[in-house]
Amino acid sequence: MGNEMRIVTKGSKDKYIFTDVCDEHPESIEMLHKLAGDYVDTTTTKLDITNLDAIRAMVKENDVKVIVNCAAWTNVDGAEDPEKYDLVELLNAKAPENLAIAMKEVGGLLVHISTDYVFGGDPYNTPCKEDQKGTPTGVYGLTKLHGEQNIQKTGVNHLIFRTAWLYSEFGKNFVKTMLNLTASKPQLKVVFDQVGTPTYAYDLAAAIFDIIDNRKFEGNSGIYHYSNEGVCSWYDFTKMIAEFAGNTGCDIQPCHSDEFPSPVKRPAFSVLNKTKVKGVFGITVPYWTDSLRICIKNLE
Ligand SMILES: NC(=O)c1ccc[n+]([C@@H]2O[C@H](COP(=O)([O-])OP(=O)(O)OC[C@H]3O[C@@H](n4cnc5c(N)ncnc54)[C@H](OP(=O)(O)O)[C@@H]3O)[C@@H](O)[C@H]2O)c1
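Residues numbered from 1 in each chain as written. Predicted model: local features only at pLDDT ≥ 70, side-chain atom pairs only at ≥ 80, totals over all residues. Heavy atoms only, no water.

**Q** Help me out: how do you make sense of the site of the ligand in this one?
**A** Around the ligand, a shell composed of 23 residues is seen, among which Met-1, Asp-48, Thr-74, Tyr-140 and Lys-144 lie nearest. For the ligand, an oxygen atom lies 2.6 Å from a polar atom in the side chain of Thr-74. The protein chains hide 72% of the 900 Å² of surface that the ligand would expose on its own. Within the residue set of the shell around the ligand, elements represented by two or more residues are β4 (109-115) and α5 (139-154). In terms of residues, the shell around the ligand owes the most to one element, β4, which gives 3 residues. (Near = heavy atom within 4 Å. Polar contact = N/O pair within 3.5 Å; in protein donor to acceptor, adjacent residues only side chain to side chain. Areas by Shrake-Rupley, 256 points an atom, 1.4 Å probe, with all protein chains shown as cover. Helix = DSSP H or I, 4+ residues; strand = E, 2+ residues; numbered from the N terminus.)

**Q** Explain the pattern of salt bridges to me, please; I cannot follow it from the model alone.
**A** Oppositely charged side chains may form a pair once their charged atoms are brought near each other. Under the criterion given, the structure shown has 15 salt bridges. The shortest N-O distance in the salt bridge between Glu-24 and Arg-6 comes to 3.0 Å. One end of the pair, Glu-24, is in the loop between β1 (19-20) and α2 (26-36); the other, Arg-6, is in helix α1 (residues 2-8), with 18 residues separating them in the sequence. A relative accessible area of 4% means that Arg-6 is categorised as buried. For the salt bridge of Asp-63 with Lys-65, the shortest nitrogen-to-oxygen distance reads 3.0 Å. Judged by its relative accessible area of 53%, Asp-63 is exposed. Here the salt bridges share partners, and the residues they tie into one network are Asp-53, Arg-56 and Glu-105. (Salt bridge = Lys/Arg side-chain N within 4 Å of Asp/Glu carboxyl O. Buried < 20%, exposed > 50% of the residue type's maximum accessible area, 1.4 Å probe, protein only.)

The structure is reproduced here in structure tokens:
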């Protein structure tokens, strides 16, 4: 998500600083230039968001008014390792609290990305609204829920965007994995009993930038749901990835989730209700296949 923020903020009147705990990966820099041209900012300032004093110093030195937090522990299965619990909680719950404290101290805004995985424990079959009770089924979802709660407890001005099935041209993600598999395997089974909505990270970043750039956040603190429009299963998603990429040689078949045992039970119906985000901020959300087509073209 951080790389998409670099792209959407490229021509901004405001100054943006991009931070990470490590250096930017060379392949990401190459992709940034491909997608956004020569003048996109590829510099990365080191910042560990588990360190509150380091955040405070960064905020003070640069007179930071808004933080967009795209960092998290995102390995859902890996989060189930009991030895990792403290680290996952530190990154997904304590670090967002640190950012909230730092922004509260200067009267700033924290924009934070959360997840549909805060739901899933209670069965439901209508799109989740923001006030639906969190019922995470695993450590990742639980710690992300703690992160939301910690931010809200500080009283900072905040926008928390719960999103789902995020993909992009950068890093590892479902679209890139399925592009490879459907190009290289004669057969593939993909689960059809988990449905949700893919989200092109660029679309979410563009919505966040619109809200910040046009100062739409004032008086609108709260949690918002954002994914692309539409609904599909992972099976349908894969079929469309293969079709857009022209990977016609792979026989893709639907299967049930129990054919792929996993340490975490994933939500069966992870569709987010986006009425609030569209109503409050007046944004238009692209349909999932329209955005998928763009991403796959960019990856060619
Ligand atoms: N991926 C999905 O399907 C999905 C779905 C719903 C919601 N989300 C949420 O969307 C957000 C963005 O997800 P993503 O997939 O773009 O994540 P990602 O690619 O895993 O990126 C997370 C970033 O956080 C950085 N980071 C790790 N520890 C840090 C620290 N101590 N200080 C500063 N940065 C640190 C990582 O650095 P390294 O590169 O060094 O690890 C990485 O650059 C997350 O909040 C995630 O929970 C994701």
